[in-house]
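Observations on chain architecture
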Amino acid sequence: MSFVEYSDLIQDGDVAIVYLSHTSALPVKVRQGGQTQTRYGVLRHSSDLIGRRYGSKVTCSRGGWVHVLHPTAELWTCSLPHRTQILYTPDIATITMMLELKPGAVVCESGTGSGSLSHAILRSVAPSGHLHTVEFHQQRAEKVMEEFKEHRVDHLVTVRTQDVCRDGFGVRGVADAVFLDIPSPWEAVQHAKDALRTRAA
Ligand SMILES: C[S@@+](CC[C@H](N)C(=O)[O-])C[C@H]1O[C@@H](n2cnc3c(N)ncnc32)[C@H](O)[C@@H]1O
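Described below are features of the structure shown in this document. Because the structure is predicted, anything quoted here is derived from the model rather than measured.

Observations regarding the site of the ligand
Near the ligand, the surroundings consist of 24 residues, among which Glu135, Arg140, Asp163, Val164 and Asp181 are the closest. Alone, the ligand offers 610 Å² of accessible surface; in the complex the protein occludes 90% of this. The set of elements that each furnish at least two residues to the shell around the ligand consists of helix H4 (116-125) and helix H6 (164-167). In terms of residue class, the shell around the ligand is made up of 9 nonpolar, 11 polar and 4 charged.

Shown next as structure tokens:
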């Protein structure tokens, strides 16, 4: 499993999305011997998840059932642990379209926050693009790096822990697109300009 590549079967070490209802989804780190409590009873990873097909309907210990889904950027946005306000899929779709993101694009983003937009950018620019994301809050930067690793997209992203308004994105002349989701974006405009690729006339 990777957030940018589909696999058929649930495997040990995957992050699967347990879809409980239209308003409730839970990301689960699948582990041999692991268990997850849901309102419908326990899910036993070894017997209920590992080796099953993504998309399966799985019965929990109290008889209720859930669907176990392959992760996507959209499902991650619905289920991620919030450390900040986040961007949601309707806005992300508009941003992705207006930035003309496509495979191979290089993107600069700040702040990373909870990584909701970052995951959508990564899915759009994979398999050969790159995201440079800047987050000045140390714990948020560390946590999102952990998640990128777990989701097997860390080869597509560089996280920098610095103030984008003071220190910029850490790259110059490489970006096809820049997106700012910080309280005072006007203070980073010169850095955004420096990060952008200069196009031949
Ligand atoms: C609203 S959150 C971003 C949410 C993100 N777009 C998402 O979808 O998850 C704003 C983030 O910007 C970070 N931030 C604010 N000012 C910053 C700056 N000058 N440099 C770097 N990060 C900054 C904050 O720490 C916070 O995590």
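Some thoughts on the environment of Val134
With respect to the secondary-structure elements, Val134 resides in strand S8 (residues 130-134). With 54 residues separating them along the chain, Val134 and Leu80 place their C-alpha atoms 19 Å apart. Setting aside anything within four residues of it in sequence, one finds Val134 in contact with Glu109, Ser110, Gly111, Thr112, Arg160, Gln162, Val164, Gly168 and Phe169.

Some remarks on empty space enclosed by the protein
Throughout the structure, instances matching the rule amount to 1 cavity of 30 Å³ or more. Looking at the largest cavity, its volume works out to about 30 Å³. Residue lining of the largest cavity: Phe3, Val4, Ala73, His119, Leu122, Arg123 and Val153, and that is the complete set. At 3 residues, the largest contribution of residues to the lining of the largest cavity is made by H4. Taken together, the residues of the lining of the largest cavity sort by class into 5 nonpolar, 1 polar and 1 charged.

Section: the sheet that holds strand S1 (residues 15-21)
Sheet strands pair via backbone hydrogen bonds, and the direction of the pair is either parallel or antiparallel. The strand order across the open sheet formed by 4 strands is S2-S1-S6-S5, and the pairing between neighbours is antiparallel. The open sheet has two free edges, formed respectively by strand S2 (24-29) and strand S5 (57-59), since each of these has just one partner strand. Between one strand axis and the next, the sheet turns through 35 degrees on average, direction left out of account. When S1 meets strand S6 (residues 65-69), the two strands line up antiparallel, connected through 3 bridges. Each residue of the ladder has a partner; that of Val18, found in S6, is Val68.

Cut-offs used in this document
Residues numbered from 1 in each chain as written. Predicted model: local features only at pLDDT ≥ 70, side-chain atom pairs only at ≥ 80, totals over all residues. Heavy atoms only, no water. Near = heavy atom within 4 Å. Areas by Shrake-Rupley, 256 points an atom, 1.4 Å probe, with all protein chains shown as cover. Helix = DSSP H or I, 4+ residues; strand = E, 2+ residues; numbered from the N terminus. Nonpolar A, V, L, I, M, F, W, Y, C, P; charged D, E, K, R; others polar. Contact = heavy atoms within 4.5 Å. 1 Å grid on protein atoms, 1.4 Å probe; cavity = no way out; pocket = protein on both sides within 12 Å on 5 of 7 lines; lining within 4 Å. Points joined across faces, edges and corners; volume = space filled by probe spheres on them. Pairing = 2+ DSSP bridges. Axes fitted to C-alpha atoms, helices over the stretch in contact; angles between N-to-C directions.

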